[in-house]
Amino acid sequence: MARVLVVEDDPTVAKVLEVALGREGYLSFLVRDYPSAKVALQEDWDAIILDINLPGGSGLDLLRYLRKELRKSTPVLILSGLKQERSLAEAQALGAQEYFTKPFSPGDLIKRLKGYVAAR
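Predicted model only: the values in this text are computed from it and were never measured. (Residues numbered from 1 in each chain as written. Predicted model: local features only at pLDDT ≥ 70, side-chain atom pairs only at ≥ 80, totals over all residues. Heavy atoms only, no water.)

**Let's talk about unusual backbone geometry**
Then step 1. That bond from Lys-102 to Pro-103 is cis: its omega, -5 degrees, falls within 30 degrees of zero.
Then step 2. One can find Pro-103 in the loop between strand S7 (98-101) and helix H5 (106-119).
Then step 3. Backbone geometry places Arg-71, a non-glycine residue, at a positive phi of 55 degrees.
Then step 4. Along the chain, Arg-71 falls in the loop between helix H3 (59-69) and strand S6 (76-80).
Then step 5. By relative accessible area, Arg-71 is classed as exposed at 70%. (Helix = DSSP H or I, 4+ residues; strand = E, 2+ residues; numbered from the N terminus. Buried < 20%, exposed > 50% of the residue type's maximum accessible area, 1.4 Å probe, protein only.)

Structure below.
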């Protein structure tokens, strides 16, 4: 069973993701803030769904930490309310595979996630 780390502070979005991932057979683990996510990133995940605006820090800083400090190539799908091109460009430069803006289609996100998990 593939393990997906979900870093999301909005309880409604987190629940939608948990249900959608569960229906597709994924085991999801939720963290809601930057410090908890930084600890969780040290484990091995099949994929990560990452919000940018988090209590205690930025999801982009977490992505930077994952890629540069931990040197992990885990697929990362950004899910954010930010629609700024600067955020998108930074996420891509740091190695995010996808960038979804809220509101989003859980079906589309899961479809893209499946491709990345299958390729691992």
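On we go.
**Thoughts on the sheet that holds strand S1 (residues 3-7)**
Then step 1. Read from one edge of the open sheet, 5 strands run S2-S1-S3-S6-S7, paired in parallel fashion. Here the strands that pair on one side only, and so sit at the sheet edges, are strand S2 (27-31) and S7. When strand polarity is set aside, the average angle formed by the axes of neighbouring strands in this sheet is 20 degrees.
Then step 2. The sheet contact formed by S1 and strand S3 (residues 47-50) spans 4 bridges and is parallel. By the bridge assignment for S3, Val-4 is matched with Ala-47. (Pairing = 2+ DSSP bridges. Axes fitted to C-alpha atoms, helices over the stretch in contact; angles between N-to-C directions.)

**What to know about the environment of Asp-61**
Then step 1. If you trace the backbone, Asp-61 turns up in helix H3.
Then step 2. Expressed as a C-alpha distance, the spacing of Asp-61 and Ala-47, which sit 14 residues apart in the sequence, is 17 Å.

**What to know about the nonpolar core**
Then step 1. By size, the foremost hydrophobic cluster in this structure holds 23 residues, and its most contacted members are Leu-5, Val-7, Ile-48, Leu-50, Leu-62, Leu-63 and Ile-78.
Then step 2. Put simply, the parts of the chain that give this core at least two residues each are S1, helix H2 (34-40), S3, H3 and S6.
Then step 3. Residues contacting Ile-48, with those up to four places away along its chain left out, are Leu-5, Leu-41, Leu-66, Thr-74, Pro-75, Val-76 and Leu-77.
Then step 4. Of all hydrophobic cores here, the second largest spans 18 residues; its members include Ala-2, Ala-47, Ile-49 and Leu-77. (Core = buried A, V, L, I, M, F, W, Y, C linked by side-chain atoms within 4.5 Å. Contact = heavy atoms within 4.5 Å.)

**Some words on the packing of aromatic side chains**
Then step 1. Within the structure shown, the criterion is met by 1 aromatic pair.
Then step 2. Measuring from ring centre to ring centre gives 5.7 Å for Phe-29 and Trp-45, while their planes differ by 25 degrees; the resulting arrangement is stacked. One end of the pair, Phe-29, is in strand S2; the other, Trp-45, is in the loop between H2 and S3, and 16 residues separate them in sequence.
Then step 3. The exposure class assigned to Trp-45 is buried, which follows from its relative accessible area of 5%. (Phe/Tyr/Trp six-rings, centres within 6.5 Å; stacked < 30°, edge-to-face > 60°.)

**Observations concerning the pattern of salt bridges**
Oppositely charged side chains may form a pair once their charged atoms are brought near each other.
Then step 1. Under the defined criterion, the tally for this structure stands at 9 salt bridges.
Then step 2. Arg-3 is the partner of Glu-43 in a salt bridge, and the nearest nitrogen-oxygen pair spans 3.2 Å. Separated by 40 residues along the polypeptide, Glu-43 in the loop between H2 and S3 and Arg-3 in strand S1 bring together distant segments of the chain.
Then step 3. We note a salt bridge from Asp-61 to Arg-64, for which the minimum N-O separation is 2.6 Å. Pair noted here: Asp-61 and Arg-64 are both in helix H3, with a separation of 3 residues, about one helical turn.
Then step 4. Among the charged side chains, a salt-bridge network with shared partners connects Glu-8, Asp-51 and Lys-102. (Salt bridge = Lys/Arg side-chain N within 4 Å of Asp/Glu carboxyl O.)

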